[in-house]
Amino acid sequence: MERTIQKRLSVGGDSWVTVDVYGEPDTPGLVVVPGVMSDAHTWRHVAGAVDAWPSVVVVNRRGRASSGPLTNSYSLRTEVEDLGAVLDEFDNARALFGWSYGGLITLLAANERPIPQVIAYEPVMQPFGRHALSDLKTAAETADWDRCVEIVNRQISGFSAAHVDDLRADSHGWAILRRLSRPLHAELGALNAAPSPDVMARQADQVDLIIGRRNRGTAPYGTSFDHVRQHVAHAEVHELPGQGHLAHIEAPAELGRLLNNLATT
């Protein structure tokens, strides 16, 4: 599926979000909400692999180019309201798909409005990443974006030093990670500051939770996934074989195929 338009939407707090639209903009579709260290461009290959819906709208959340700033009033509530503005604009959306932090946002949005289907890949919730907030704050205050990328990969995701060295060896890719790390402290802070809901996706007709098989039952993503499951009693759980948290980068065609298989409409 080819990208057809990019659209800018005004949201609260003197900010804005852009969305990349694939397929036919005025047809019932899937809305994709990326998480931290990610943007709409990162999800282009997954969007291109999806054909079960006639349109795919990928949200470029605030805090990343070419969307607007987080603003001083930023919170998890801000993210839910921003997604609400997207859903108001694309009111024929049939399904929401969120990855990681974006998964949490979609599950919370479905508490507030009827959604036929919510799909979340390894959604996270507090206290995810809380232990790294102090180090991230120091790195952000000194604009040490190299350090931010190291913290998210080593202290939060649990990747090896060799993995970080491999990332750093790709100068272009490392520059992208540095840029995407700028809102990281504020985003993880917002995730951990929000009250933990008793129930999520209350108004969703169907909820599908996906976990990469490599992360099943292991920290940090598998354990946070299990925590989320306790708040979504009616969810069906699916595994993506051979994958971890970064399936959208490492196996976008496989992830797109799974989304096609899960489509209910």
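So, here is what we can say about the structure in this document.

What counts, and at which threshold
- Residues numbered from 1 in each chain as written.
- Predicted model: local features only at pLDDT ≥ 70, side-chain atom pairs only at ≥ 80, totals over all residues.
- Heavy atoms only, no water.
- Salt bridge = Lys/Arg side-chain N within 4 Å of Asp/Glu carboxyl O.
- Helix = DSSP H or I, 4+ residues; strand = E, 2+ residues; numbered from the N terminus.
- Buried < 20%, exposed > 50% of the residue type's maximum accessible area, 1.4 Å probe, protein only.
- Pairing = 2+ DSSP bridges.
- Axes fitted to C-alpha atoms, helices over the stretch in contact; angles between N-to-C directions.
- Contact = heavy atoms within 4.5 Å.
- Parallel < 35°, antiparallel > 145°, perpendicular 65-115°, else oblique.
- Left-handed = near helix turned anticlockwise from the far one by under 90°.
- Nonpolar A, V, L, I, M, F, W, Y, C, P; charged D, E, K, R; others polar.

Right, let's get into the pattern of salt bridges. Should their charged atoms come close, side chains of opposite charge can pair. The tally for this structure, following the rule as stated, stands at 17 salt bridges. The salt bridge partner of Glu89 is Lys7, with a shortest N-O separation of 2.4 Å. Of the two residues, Glu89 sits in helix 2 (residues 76–89) while Lys7 sits in strand 1 (residues 3–11), which places them 82 residues apart along the sequence. Given a relative accessible area of 37%, Glu89 falls into the partly exposed group. By sharing partners, the salt bridges in this structure join Arg61, Arg64, Glu79 and Glu187 into a single network.

For sheets, the rule is that strands pair by backbone hydrogen bonds, running either parallel or antiparallel. Pairing is mixed in the open sheet, where eight strands are placed in the order 1-2-4-3-5-6-7-8. Pairing within the sheet leaves two strands with one partner each, and these edge strands are strand 1 and strand 8 (235–240). Taking the axes of each pair of neighbouring strands and ignoring which way they run, one obtains an average angle of 20 degrees across the sheet. Both strand 3 (residues 29–33) and strand 4 (residues 55–60) contribute to a ladder of four bridges, which runs parallel. For Leu30, the partnering residue across the bridge sits in strand 4 and is Val56.

Before going further, it helps to examine the side chain of Glu79. When you line up the elements, Glu79 lands in helix 2. Assessed through its relative accessible area of 2%, Glu79 is described here as buried. Leave out the neighbours within four places in its chain, and Glu79 touches Arg61, Tyr74, Tyr101, Ile105 and Glu187.

The subject of this paragraph is the packing of helix 4 (residues 133–141) against helix 8 (residues 184–193). In the contact formed by helix 4 and helix 8, the axes pass within 9 Å of each other and the chain directions differ by 150 degrees. It follows from the interaxial angle that helix 4 and helix 8 lie roughly antiparallel. Note on packing geometry: the crossing formed by helix 4 with helix 8 is left-handed. Across the interface between the two elements, Leu133, Leu136, Lys137 and Ala140 of helix 4 pack against Leu184, His185, Leu188, Gly189 and Asn192 of helix 8. Looking at the contact of helix 4 with helix 8 residue by residue, the class counts come to five nonpolar, three polar and one charged.

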